[in-house]
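# Reading the structure
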Amino acid sequence: MASLSLKHIYKKYPGGVTAVSDFCLEIKDKEFIIFVGPSGCGKSTTLRMIAGLEEITEGELYIGDKLMNDIAPKDRDIAMVFQNYALYPHMTVYENMAFGLKLRKTPKEEIKRRVEEAAEILGITHLLDRKPKAMSGGQKQRVALGRAIVRNPKVFLLDEPLSNLDAKLRATMRTELTKIHQKVGTTFVYVTHDQVEAMTMATRIVVMKDGLIQQVDTPQNLYDKPVNMFVAGFIGTPQMNFINAKLDKKDDGVYVSFEGHSLKLPEDKGNDPALRYYMGKEVIIGIRPECIHDEEIFLNSMKDNVIEVDVDVTELMGAEIYLYLSVGEQNATARVSSRSQARAGDKIKVAIEVSRIHIFDKDTQKFIIH
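Residues numbered from 1 in each chain as written. Predicted model: local features only at pLDDT ≥ 70, side-chain atom pairs only at ≥ 80, totals over all residues. Heavy atoms only, no water.

On to the environment of Gln330, then. By the secondary structure assignment, Gln330 is in strand β18 (residues 330-337). You can call Gln330 buried: its relative accessible area is 12%. Taking the C-alpha atoms as reference points, Gln330 and Glu282, 48 residues apart in sequence, are found 15 Å from one another. A polar contact is formed between the side chain of Gln330 and the side chain of Glu259, at a distance of 3.1 Å. (Helix = DSSP H or I, 4+ residues; strand = E, 2+ residues; numbered from the N terminus. Buried < 20%, exposed > 50% of the residue type's maximum accessible area, 1.4 Å probe, protein only. Polar contact = N/O pair within 3.5 Å; in protein donor to acceptor, adjacent residues only side chain to side chain.)

Below you can see the structure in the form of C-alpha cells.
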C-alpha cells in the first residue's frame, strides 16, 4: 500500500490556460480522500496527473517514496475506475476482471483465486458468467471496481464512478464503496462534484475552485469551520444562508444587525479578538438552514433572537420541510420539522441559533469567526 505526495503541482495548457495551480497535498496510506468542487475546478485533471494520463507541467508527484513524474501509467501500480465503466462488451464478467492479470502473465490459478475473492467482496459471484449488456448500471460499476481490485494496486483512483447511477442506487453504492475501502485497505483517491458523496465517504475532503485548493479537512470540520464563503456554501444541503449585516458594539454586548433586526452574539463570540476590527463595519453572516427554527419550543427558549420573516415557498421533503424565506430584501432557507404549519404567503416568527452563526469578511469572503 502507499501514501501519495503532491508537491507544487501545476497543469498548464497551451494558450496560457492553467487548470491546476500550486497543488500541495499529502495523502496518507489507506486514506479515502475525495476531491470535490464544481465542474471545471481541476479535480479530474489532478486525478489524471496522478494516473499518468495527463502530463505534470510543474511540480513533483511521489507514490510511496518514488518520484512518478516520468513513470508510465502501467508502471505506477494504480488502478483507475471511470464513470463510464469501460468494460469490454464481448467478454464475460470473469474475463473482464481477469483481463489485466492475463496481460501480466499471471498464472491461471492465481487469476481464478483473485477474481473469485474480488467477486465475493463485491457480491457479484453470481454474475461471473454474464456479459455487460445483461447487467444494470450498479452491477457494471461493481465489475469495474472488481477489475481494479484484482490487481491489488497501491492506489485506487475513482473518477465520478457513481454519476451514471440513479439516486437510490447512488446512496446504496456510497455505503458499498465505504465497506469496500475498509475490506481492501488501500488508498482511495476519489473525484466527485457531489458534496453528499464527499461528506458521507471521505476521511478527508479536498475542496477545489478554479484549479486551487480552498480547504483540506475532515467532513465535519469543513461543515463546522469552513475557511471561506465558497467552502461554506458548497458543503451542506441546502446551502448555508449568507446575509449582509453590520456589527455593532453596545454596552451589553455585540450585535449583528440586518433588515431592521438585531441579534446579540453569545459572549464568547462577541468577545473574540478577531471581531474588534469589524465593529461598526459591514460583514456577511452565515447561518445553516437547520439553525433557523419555527417551533414554539425554540421561539420561547430563544426569545432574544426571534425575527419576523415572510414565507415564499415551502418544500415537503418527507421527514422535514424546507422553508424559503424573505428577510426584508434578503433571502434565507430554513430546514424545519415536517410538523411545521408554515405556508407560502405567511408571515411567521423564527428563532436563530446565534451560537452557530459564522461571520465572514465582506471583501475577502474569508471567515472571521465560526
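Alright, that's what it looks like, and here's the rest.
The next point concerns the pairing of strand β20 (residues 358-361). Residue alternation in β20 divides its side chains into two sets, His358 and Phe360 and Ile359 and Asp361, and both sets are buried. Across 4 bridges, strand β14 (residues 282-287) lies against β20 in antiparallel orientation. Bridged to Ile284 within β20 is Phe360. When β20 meets strand β21 (residues 367-369), the two strands line up antiparallel, connected through 2 bridges. Looking across to β21, one finds that Ile359 is bridged to Ile369. Taking the residues between adjacent antiparallel strands as the criterion, β20 and β21 are bridged by 5 residues, where Gln365 takes a positive phi near 65°. (Pairing = 2+ DSSP bridges.)

This part is about the nonpolar core. Core analysis: the biggest nonpolar cluster contains 45 residues, and Val93, Met97, Ile124, Leu145, Leu158, Leu177 and Tyr190 have the highest contact counts within it. Listed in part, the 34 residues of the second largest apolar core include Ile321, Ala334, Val354 and Ile369. (Core = buried A, V, L, I, M, F, W, Y, C linked by side-chain atoms within 4.5 Å.)

Further remarks concern the packing of aromatic side chains. Here the structure, examined in full by the defined rule, presents 8 aromatic pairs. Judged by centre distance (5.9 Å) and plane angle (45°), the ring pair of Phe32 and Tyr190 falls under tilted. Here Tyr190 lies in strand β8 (residues 187-192) and Phe32 lies in strand β3 (residues 32-36), a separation of 158 residues in the sequence. Residue Phe32 is classed as buried on the basis of its relative accessible area of 1%. Residue class for Tyr190 comes out buried when judged on its relative accessible area of 0%. Centre to centre, the rings of Tyr88 and Phe99 are 5.0 Å apart; their planes meet at 65°, and the pair counts as edge-to-face. Separated by 11 residues along the polypeptide, Tyr88 in the loop between β6 (78-81) and α2 (93-103) and Phe99 in helix α2 bring together distant segments of the chain. Here the aromatic residues Phe32, Phe156, Phe188 and Tyr190 are joined through ring pairs into a cluster of three or more. Here the guanidinium or amino end of Lys12 rests over the ring plane of Tyr10, the centre of that ring lying 5.1 Å away. Lying over the aromatic face of Tyr255, Lys250 brings its terminal NZ or CZ to 4.5 Å of the ring centre. (Phe/Tyr/Trp six-rings, centres within 6.5 Å; stacked < 30°, edge-to-face > 60°. Lys NZ or Arg CZ within 6 Å of the ring centre and 35° of its normal.)

Ordered in space as β6-β7-β8-β3-β9-β10, the 6 strands form an open sheet in which the pairing is mixed. Either end of the sheet is taken by a strand with one partner, and the two such strands are β6 and β10 (212-217). When the angles between neighbouring strand axes are averaged without regard to direction, this sheet yields 15°. Bridging between strand β9 (residues 204-209) and β10 involves 5 bridges; their strand directions are antiparallel. When the sheet's bridge partners are listed, Ile205 is paired in β10 with Asp217. On top of the sheet, helix α5 (residues 167-184) reaches β3, β7 (155-159) and β8; it is set at about 160° to β8, its chief contact. (Axes fitted to C-alpha atoms, helices over the stretch in contact; angles between N-to-C directions. Contact = heavy atoms within 4.5 Å.)

By the definition in use, this model includes 1 cavity of 30 Å³ or more. Taken together, Ile243, Ile287, Ile292, Ile307, Val309, Leu325, Val327, Ala332, Val350 and Ile352 form the lining of the largest cavity. Counting only elements with at least two residues in the lining of the largest cavity, the list comes to β16 (306-316), β17 (320-327) and β19 (347-352). Taken together, the residues that form the lining of the largest cavity break down as 10 nonpolar, no polar and no charged. (1 Å grid on protein atoms, 1.4 Å probe; cavity = no way out; pocket = protein on both sides within 12 Å on 5 of 7 lines; lining within 4 Å. Points joined across faces, edges and corners; volume = space filled by probe spheres on them. Nonpolar A, V, L, I, M, F, W, Y, C, P; charged D, E, K, R; others polar.)

Take it as geometry only, folks, not as evidence of what the structure does.
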